[in-house]
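Next come the chains, spelled out residue by residue.
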Amino acid sequence: MVSEENPCPAGPERMEPKGTLLGRCEVDDPLSPGQGQAPETQCRPEKQQGNPPGKTLGESTHRGGGSEDPNEATIQPRTCTKEKRFECAECRKRFSCKEHLIRHQRSHMGETPITALRERPHKCPDCGKCFSQRSGLITHQTIHTGEKWHKCPDCGQTFTQRGHVIRHRRTHTGERPYGCPECGKSFASTSDVIVHQRVHTGEKPYNCPDCGRSFSHSHHLTDHRRIHTGERPYICSLCIYSFICLAHITPQTIHIGEKRYRCAECGKSFSQSTTLINHQRLHTGEKPYMCPTCGISFVQLSQVVRHQRIHTGEKPYTCLTCGKSFSDKSHFNEHQKIHTGEKPYTCLTCGKSFRYSSALTTHQRKHTGEKPYKCPECQKSFSDSSIFSRHRRVHTREKPFKCCDCGKSFGESSDLLVHQRVHTGEKPYKCLECGTSFRVPSALIVHQRVHTGERPYKCLTCGKTYRCSSHLTKHQRIHTGKQSLKCPE
């Protein structure tokens, strides 16, 4: 006698994927194991939770109408109509059989069917990528054609795939159906859950081949590598500046002057949160990024990249006017203003102009008396962050910049650069009058007074004038009696 409850063979039940419309159809199996019946007799809904709305447990899906007698429903053979009753909760795609749904869901979970690894007969003519199904190739080709057939009914944004629309619409509805088993945090897609779980596991599978740094997100690695290549593909529509990351373009805050992020220590405000974080390290003294060659630490990773060029000698930025090369692009941009004479930043109080906005900001503190940088050792305050950083080395006696030729150390990188010219013999500053060259620009300025006759340093006691300040200092000792030295001419 055939059972009225379930004519299908007994066996362990498999859990249905979450969010599917439940039902069972064995239409694609030629013969189930241990069965001699034709596939048409195997179509029957299972008694599980999550039945489609309007259907009750055990209700027949036979559409032919007729008697509701249960005996007739179990004995009378039914023909499978291939109705697509199994729906994917991720992208809403529907299938006629549960096995097809399970195989499809592996694409969302990152699994690859064994058959797909063996056979990928559908090849993209543009990039050569292969696919196991023709539908996958068609979807992939929209990347090359730029076609976006699927439109969000809420905001009108278009997408290349229907599944992307489904995920995007959750930004409007706020739906987050996928939860993290560790902390319970919810997400709009399974891929977001997988990425989030790296917070708990500490996994960082994306490694930079240049410096070895690891990242938990692939797009973080993509943005990071632009530090090494110098690529800045994102250009601000309101000015000429370019950026390595799209998130760094914030014209709505920079150009209108909005500065929402305020430092609790000194009250200084910033337009970006990342700038505030870097600034706060000046107060805390934190320097999380270390040079692997000499061990010097820095506040920002970009500073490490620039610093390493001291060891390698790399100077990728060359001035087309004078041929001078620079290891830092910002120094290159600043140098070019010397040739153009451009000073676009003007002080509204005294009218003095500056080449750089940072120089104007520092200058304005002379008028306001502001000194936001305070030394925790001696409580001395400074208006300029660079002077503050140099001052702190007085207490720490730190000399982080070391000459590779003789081992001599310096407190500032500029002093190291000048010192290295002793070894290289480089004298880049040349007098146009007589051709004499000098290692530092200040020596050239003093020398040029020989030709011009200028003597700007005057003794207030006797009125004698000098070409350089050191000569005036020595002369004044005659009047103070500290040293009876002959006054140099």
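What comes next concerns the included structure. (Residues numbered from 1 in each chain as written. Predicted model: local features only at pLDDT ≥ 70, side-chain atom pairs only at ≥ 80, totals over all residues. Heavy atoms only, no water.)

### Describing the overall build of the chain
Along the chain, the regular secondary structure elements total 17 helices and 28 strands. Out of the 489 residues in the chain, the part that is buried amounts to 26%. Working note: accessible area of the chain is about 32,400 Å², and carbon and sulfur atoms make up 51% of it. (Helix = DSSP H or I, 4+ residues; strand = E, 2+ residues; numbered from the N terminus. Buried < 20%, exposed > 50% of the residue type's maximum accessible area, 1.4 Å probe, protein only. Areas by Shrake-Rupley, 256 points an atom, 1.4 Å probe, with all protein chains shown as cover.)

### Let's talk about the nonpolar core
C291, I296, F298, V304, F401, C403, F410 and L416 form the largest nonpolar core, which has 8 residues in total. Once residues within four sequence positions are removed from consideration, F401 is found in contact with I296, R393, K408, S409, F410, G411, E412, S413 and L416. (Core = buried A, V, L, I, M, F, W, Y, C linked by side-chain atoms within 4.5 Å. Contact = heavy atoms within 4.5 Å.)

### Considering helix α4 (residues 134-145)
When the terminal C-alpha atoms of α4 are compared, their 17 Å separation across 12 residues agrees well with the 16 Å that a helix rising 1.5 Å per residue should span. Inspection of α4 places L137, H140 and T142 among the buried residues, and these make up the whole buried set. (Expected span 1.5 Å × (residues − 1).)

### Re the packing of aromatic side chains
Considering all chains together, one arrives at 4 aromatic pairs under this definition. Plain terms: the ring middles of Y317 and F332 are 6.3 Å apart, the flat faces sit at 25° to each other, and that makes the pair stacked. Taken together, the residues Y317 in strand β17 (residues 317-318) and F332 in helix α12 (residues 329-340) connect sequence positions 15 residues apart. With centroids separated by 6.1 Å and ring planes inclined at 45°, the aromatic side chains of F382 and F388 adopt a geometry described as tilted. F388 matches F382 in its accessibility class, with the two residues each being buried. Taken together, the aromatic side chains of Y317, F326 and F332 make up a single cluster linked through ring pairs. (Phe/Tyr/Trp six-rings, centres within 6.5 Å; stacked < 30°, edge-to-face > 60°.)

### Some details on the environment of T452
Examined against the element boundaries, T452 turns out to sit in helix α16 (residues 441-452). In this structure T452 comes out as exposed when scored by relative accessible area, which is 57%.

### Some details on the pattern of salt bridges
It is possible for side chains of opposite charge to pair when their charged atoms get near one another. On inspection of all chains with the given rule, the structure shows 14 salt bridges. Between R170 and E175 there is a salt bridge, with its nearest N and O atoms 3.9 Å apart. The partner of R306 in a salt bridge is D328, and the shortest N-O contact between them spans 2.5 Å. Placement of R306 in helix α11 (residues 301-312) and of D328 in the loop between β18 (325-326) and α12 is noted, with a sequence separation of 22 residues between them. Using a relative accessible area of 32% as the deciding quantity, one classes R306 as partly exposed. Through salt bridges with shared partners, a single ionic network connects D223, R226 and E231. (Salt bridge = Lys/Arg side-chain N within 4 Å of Asp/Glu carboxyl O.)

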